[in-house]
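Notes for the structure review
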Amino acid sequence: MRTFHQAAAATVAAGALAAGILYGTGVAGADSGHHGHAGSEPENIGLLTGQIDDYYGATQAADGTWHASADSPYARDLARVEARAEHDIARASAARHGGQHGRPAIVLDVDDTALLSFTYERDTHYVYSDATWNAFVSKADRPAVYGMPKLVSYAKKHGVTVFFLTGLAEELRDPAVKNLRAAGYDTALDKAHFFTKDKAHPPAYLADCATAAAWNCSTVEFKAGTRAHIEAGGYDIVGNIGDQQSDLTGGHADHAYKLPNPTYFVE
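A quick note: this is a predicted structure, and the numbers were derived from the prediction, not measured.

What to know about the nonpolar core
- By size, the foremost hydrophobic cluster in this structure holds 46 residues, and its most contacted members are Phe118, Phe164 and Tyr185.
- Ignoring any residue separated from it by four or fewer positions in sequence, one finds phenylalanine 164 in contact with Leu108, Asp109, Val110, Ala114, Leu180, Tyr185, Thr187, Leu189, His193, Phe194 and Phe195.

Quick look at the structure:
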């Protein structure tokens, strides 16, 4: 479930700006929980929104829409995580040459991992609704998250298969695929390599939590179960990349990489 904890999410951004936090595997305020310290007054939302603007290098276009900048603290944090992922991909590819441990693969989330949604978050003042979100995704015009097409190309050059695993509904598959192609992702995007949340026809490997009658999978169950399915196909997932901790929890990957996202929280 996509949940917006505006004050808590923005506090993460403020901490990143003040302390120079490097977003990496599993770092996201584990000591304070999702809502900060009990009984403490939250940060002022107006101030936090400004700090998020600074973090993304936000600018407003002539049509009133907001956009992030490739020259921003956010982009620099991304670059550091991506550099670590490239290093690990190269090592894993060399170590697994010949397929001793399965064919190497990486798994990427889509929203704010492969495609950047800051325009939507800022334009809606961080207020989510299914209707506005689905309309936004259907436009298929989101930019790539900075550096991620390059990382995908790097993986492919090292013989690593690329999979996308998204919480987007199956009904949004076509615009998401169209958007990924337009954003520069030159890789297979068929149903064998691009997994959506298909509540009407859930796959058999999620039978423990999903049937056509009722979808009860949490984000962690859905994503970990799908990664296990990929592994069962003979792949070794050398890297799992996402902007939410729920993208990464549950195992079935050698390494996990947490990209920065201070604008919303997915359980």
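Concerning helix α8 (residues 219–232)
- A rise of 1.5 Å per residue sets the reference length of α8, with its 14 residues, at 20 Å; its end C-alpha atoms lie 20 Å apart and thus fit the reference within 8%.
- When we look at burial in α8, the residues that qualify are Thr219, Phe222, Lys223, Ala224, Gly225, Thr226, Arg227 and Ile230.
- In this structure, the buried side of α8 is in contact with β4 (103–108), β5 (161–169), β6 (194–197), β7 (235–242), α9 (245–248) and β9 (265–266).
- Looking one or two residues beyond α8, the residue adopting positive phi is glycine 234, at roughly 100°.

Re empty space enclosed by the protein
- What the rule picks out here adds up to one cavity of 30 Å³ or more.
- Empty space within the largest cavity amounts to approximately 30 Å³.
- Residue lining of the largest cavity: Val107, Leu108, Asp109, Leu165, Lys223, Arg227, Asn240, Ile241 and Asp247, and that is the complete set.
- For the lining of the largest cavity, the secondary structure elements donating two or more residues are β4, α8 and β7.
- Looking at side-chain class alone, the lining of the largest cavity contains four nonpolar, one polar and four charged residues.

Scoring rules and cut-offs
- Residues numbered from 1 in each chain as written.
- Predicted model: local features only at pLDDT ≥ 70, side-chain atom pairs only at ≥ 80, totals over all residues.
- Heavy atoms only, no water.
- Core = buried A, V, L, I, M, F, W, Y, C linked by side-chain atoms within 4.5 Å.
- Buried < 20%, exposed > 50% of the residue type's maximum accessible area, 1.4 Å probe, protein only.
- Contact = heavy atoms within 4.5 Å.
- Helix = DSSP H or I, 4+ residues; strand = E, 2+ residues; numbered from the N terminus.
- Expected span 1.5 Å × (residues − 1).
- 1 Å grid on protein atoms, 1.4 Å probe; cavity = no way out; pocket = protein on both sides within 12 Å on 5 of 7 lines; lining within 4 Å.
- Points joined across faces, edges and corners; volume = space filled by probe spheres on them.
- Nonpolar A, V, L, I, M, F, W, Y, C, P; charged D, E, K, R; others polar.

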